[in-house]
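This is what each chain is made of:
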Amino acid sequence: MLKSNLRLLVVEDHPFQLLATQCLLNNFGFDQLTLAENAGQAIQLMTQCAAPFDFMLCDQCLPDLPGLELVDIASRQHFITGAILLSGLPATELSNLTLQARRRGLPLLGYLLKPLNKDALTELIAPLLSL
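Fair warning: this is a prediction, and the values are worked out from it, not measured in the lab.

Participant: How should I be thinking about the overall build of the chain in this particular structure?
Facilitator: Across its full length, the chain holds five helices and five strands. Its helices and strands in sequence order give the chain the pattern β-α-β-α-β-α-β-α-β-α, from N to C terminus. Since a compact globule built from 131 residues should have a radius of gyration of about 14 Å, the 13 Å found for the chain is in line with a globular shape. Taken over the C-alpha atoms alone, the chain extends approximately 35 × 35 × 30 Å along its principal axes. Taking all 131 residues of the chain together, 43% fall into the buried category. Across the chain, the fraction of contacts at a sequence separation of at least 24, relative to all contacts at a separation of at least 6, is 75%. Total accessible area on the chain is roughly 6,600 Å²; 54% of this is exposed by carbon and sulfur atoms. Charged side chains in the chain number 8 positive and 12 negative. The centres of these two groups are separated by 6 Å.

This is how it looks when you write it as structure tokens:
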């Protein structure tokens with residue numbers, strides 16, 4: 001189990017997936033979680049926080065805004081330090097989104113396929129764990 005003091009914002013529009021992701025992250029050792037069911041709610045929560053989130057774990061296919069666009073907004077407003085897209089989209093599409101994010105200078109650490117995998121998550125956030 002990881003033990004981390006990282007503050008995470010989890011944005012997922014499907015209630016079951018949000019609960020499952022929360023449980024998995026808690027089991028992985030993350031206990032400072034803030035949950036949002038859509039981009040609008042996530043933006044509202046971010047504006048209410050005194051400090052930026054260490055990273056945002058965000059579904060790409062949100063009903064009100066694509067996840068990558070939410071990463072862009074959150075990054076420009078300094079609401080997050082990094083982000084990870086979480087999706088069931090094909091890996092090639094997610095790789096293309098990662099390339100777009102890099103071209104745009106977004107702090108996207110990468111993507112994870114659903115369901116969440118501890119080893120893949122750990123690999124992406126390893127630089128943050130050493131801070």
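Next, the rest of the story.
Participant: Can you help me understand the pairing of strand β4 (residues 80-87) in this one?
Facilitator: Side chains on a regular strand alternate between the two faces of the sheet. Burial of β4 is extensive: seven of the eight residues sit out of reach of the surface. Where strand β3 (residues 53-59) lies against β4, six bridges are found, and the strand directions are parallel. Along β4, the bridge assignment pairs Phe-55 with Gly-82. Traced from β3 through helix α3 (residues 67-76) to β4, the parallel crossover comes out right-handed. Pairing of β4 with strand β5 (residues 108-113) involves five bridges; the strand directions are parallel. Along β5, the bridge assignment pairs Ala-83 with Leu-108.

Participant: Hey, could you run me through the pairing of strand β1 (residues 8-11) in this one?
Facilitator: The two faces of β1 match: Leu-8 and Val-10 on one face and Leu-9 and Val-11 on the other face are all buried. Pairing analysis gives four bridges linking β1 to strand β2 (residues 33-36), with the strands arranged parallel. Paired with Val-10 across the bridge in β2 is Leu-35. Bridge count for β1 against β3 is four bridges, and the pairing is parallel. By the bridge assignment, Leu-8 is partnered in β3 with Phe-55.

Participant: Got a minute to help me understand the state of the cysteines in this structure?
Facilitator: Each disulfide is one covalent bond, formed between the sulfur atoms of two cysteines. Going through the model one piece at a time under the given rule, you end up with zero disulfides. The thiol of Cys-23 is unpaired, and the distance to the nearest cysteine sulfur, on Cys-58, comes to 19 Å. Exposure remark for Cys-23: the relative accessible area of 38% places this residue in the partly exposed category. Cysteine Cys-49 remains unbridged, with the sulfur of Cys-58 as its closest cysteine sulfur at 15 Å.

Participant: How should I be thinking about the packing of aromatic side chains in this particular structure?
Facilitator: Geometrically, a pair of aromatic rings is defined through the distance of the ring centres and the angle of the planes. The tally for this structure, following the rule as stated, stands at zero aromatic pairs. The residue whose ring lies beneath Arg-7 is Phe-53, and the NZ or CZ to ring-centre distance is 4.5 Å.

Participant: I would appreciate a short explanation of α3 in the present structure.
Facilitator: An α-helical turn contains 3.6 residues, so a residue and the one three or four places further along point in the same direction. Among the ten residues in α3, seven count as buried, and that is most of the element. Check the buried side of α3 and you find it contacts β1, α2 (39-48), β3, β4, α4 (91-103) and β5. One or two steps after α3, the chain reaches His-78, where phi turns positive at roughly 60 degrees.

Participant: What is the right way to look at the nonpolar core in this model?
Facilitator: A general feature of soluble globular proteins is that nonpolar side chains tend to end up buried together. Membership of the largest hydrophobic core comes to 24 residues, with the highest contact counts inside it found for Leu-9, Val-11, Met-46, Met-56, Leu-70 and Ile-80. Only β1, α2, β3, α3, β4 and α4 provide two or more residues apiece to this core. With four residues, α3 is the largest single contributor of residues to this core. Non-local contacts of Ile-80, meaning those with residues more than four positions away in its chain, are made with Met-46, Pro-52, Phe-53, Met-56, Val-71, Ala-74 and Ser-75.

Cut-offs and rules
- The written sequence of each chain sets the order in which its residues are numbered from 1.
- Restriction of local features to residues with pLDDT of at least 70 applies here, the model being predicted, together with a cutoff of 80 or more for giving and counting side-chain atom pairs; totals for whole chains, interfaces and linings are based on all residues.
- Calculated side-chain values reflect all of the structure's heavy atoms, with hydrogen atoms and water omitted.
- For helices the rule is a DSSP run of H or I covering at least 4 residues; for strands it is a run of E covering at least 2, with both sets numbered from the N terminus onward.
- It is over C-alpha atoms that the radius of gyration is taken, and the globule rule equals 2.2 Å times the number of residues to the power 0.38.
- Only protein chains enter the accessibility calculation, which uses a 1.4 Å probe; a residue is then buried when its area is under 20% of its type maximum, exposed when over 50%, and partly exposed in between.
- Working rule for contacts: check all heavy atoms of both residues, and any pair within 4.5 Å makes them a contact.
- The method behind every accessible area is Shrake-Rupley, applied with a 1.4 Å probe, and residues are considered shielded solely by the protein chains displayed.
- As used throughout, the charge tally considers Lys and Arg to be positive and Asp and Glu to be negative, leaving His and the chain termini uncounted.
- Charge positions come from single atoms, namely NZ of Lys, CZ of Arg, CG of Asp or CD of Glu.
- The pairing criterion for strands is at least two bridges between them, as found by DSSP.
- By convention, a crossover is right-handed whenever its connection, traced from the first strand over the helix to the second and viewed with the strands pointing away, goes clockwise.
- Here, a disulfide means two cysteine sulfur atoms that sit within 2.5 Å of each other.
- Aromatic rings from Phe, Tyr and Trp, with only the six-membered ring used for Trp, were paired whenever their centres fell within 6.5 Å, and each pair was classed as stacked if the ring planes differed by under 30 degrees, edge-to-face if by over 60, and tilted otherwise.
- Here, a charge over a ring is recorded when the distance from Lys NZ or Arg CZ to the ring centre is within 6 Å and its angle to the ring normal is within 35 degrees.
- Here, the term nonpolar core denotes a set of buried Ala, Val, Leu, Ile, Met, Phe, Trp, Tyr and Cys residues that are joined through side-chain atoms within 4.5 Å.

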